[in-house]
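Residues per chain are reported as follows:
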Amino acid sequence: MSEEPADLCVAGLTKQFTGAAGTLDVLTGVDLSMQRGDAVVITGPSGSGKSTLLYIIGVLDEPTAGEINVDGTLPLKLSPVEQAQFRNESVGFVFQDHHLLPQCTVLENVLIPTLANAKPASGIEDRATKLLERVGLMDRITHRPGQLSGGERQRVGICRALINEPLLLLADEPTGNLDQKTAESIGTLLLEVAAEQNTMLLCVTHSLDLAARFPRRYELTDGKLVQRTE
Ligand code: ADP
Ligand code: MG
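Summarised in this report is the structure supplied together with it. Note that this is a predicted model, so its numbers are computed, not measured.

Tallied over the entire structure, the rule returns two aromatic pairs. The interplanar angle of 10° and the centroid separation of 5.6 Å between the aromatic rings of Phe93 and Phe95 together place this pair among those described as stacked. Taken individually, Phe93 and Phe95 each receive the classification buried, so the pair is uniform in this respect. One aromatic cluster is present, formed by Tyr55, Phe93 and Phe95 through successive ring pairs.

Once that is clear, we can look at the sheet that holds strand 8 (residues 216-221). The pairing of strands in a sheet happens through backbone hydrogen bonds and is either parallel or antiparallel. The strand order 5-6-7-3-8-9 describes an open sheet built from six strands, whose pairing is mixed. Either end of the sheet is taken by a strand with one partner, and the two such strands are strand 5 (91-94) and strand 9 (224-228). Adjacent strand axes in the sheet meet at a mean angle of 25°, parallel and antiparallel pairs treated alike. Here four bridges tie strand 3 (residues 39-43) to strand 8, and the two strands are oriented parallel to one another. Paired with Thr43 across the bridge in strand 8 is Glu219. In this fold helix 1 (residues 50-57) packs onto strand 3, strand 6 (168-172), strand 7 (200-205), strand 8 and strand 9, with an angle of close to 155° to the strand it touches most, strand 6.

With that settled, consider the pairing of strand 9. In the sheet, strand 8 pairs with strand 9 via five bridges, with the strands oriented antiparallel. Of the residues in strand 9, the one forming a bridge with Glu219 is Val226. What sits between the antiparallel neighbours strand 8 and strand 9 is a turn of two residues, in which Asp222 has the positive phi angle 50°.

Cut-offs applied
- Residues numbered from 1 in each chain as written.
- Chains lettered and ligands numbered in written order.
- Predicted model: local features only at pLDDT ≥ 70, side-chain atom pairs only at ≥ 80, totals over all residues.
- Heavy atoms only, no water.
- Phe/Tyr/Trp six-rings, centres within 6.5 Å; stacked < 30°, edge-to-face > 60°.
- Buried < 20%, exposed > 50% of the residue type's maximum accessible area, 1.4 Å probe, protein only.
- Pairing = 2+ DSSP bridges.
- Helix = DSSP H or I, 4+ residues; strand = E, 2+ residues; numbered from the N terminus.
- Axes fitted to C-alpha atoms, helices over the stretch in contact; angles between N-to-C directions.
- Contact = heavy atoms within 4.5 Å.

Printed below as a string of structure tokens:
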């Protein structure tokens, strides 16, 4: 019996940074498989390579070696133009700092990733509005980011990451700048919305509180993933 192929398969990923001070082995052999609907968290102290790994999986950075397969696509083999298209269509990012455009409204910010779509999908504004409604920001769609709290801005960031129905939702310290109560609600929301959208949620964080909410947990240790069971 052959197993279902994984929707995300990362194999033998390594990353070295070489500089004047020598070579730094940040990732030494990362393997990870996920299916649609899975939620995985990776913890590790500052400097352990969490962001590096997430950016490589999101094709924002290149590995030194290794393979990535996202639902049959090999993003590392694509041309830079195809990679940009892949990123836009298949990957949503949630960052620690929301990176919202201050001059645009909440609704416009959520729609930004759709500007690069080859075909403008009909009903995309409806989808943006529904997502904003889902995260409790219906009465804020014409506000600017500067008029929102940190937690509200992060909710907008989650909607923006989901607008193109990505296969992969990547979150880098999504609660890093929030107070504990807001962080808890954003953690819950992220997990719920990712499940509702049937996307793969891969989150990296140093927060053990956030990590404890995830069904599958790994620690990045010496450049490799070690599954955590406690
Ligand atoms: P984390 O997100 O876990 O805090 P990072 O992935 O940001 O860790 O960084 C891992 C290590 O790689 C750190 O030691 C960092 O200094 C180093 N690093 C990250 N990016 C670069 C780069 N572009 N050039 C050289 N070293 C880097
Ligand atoms: Mg980081």
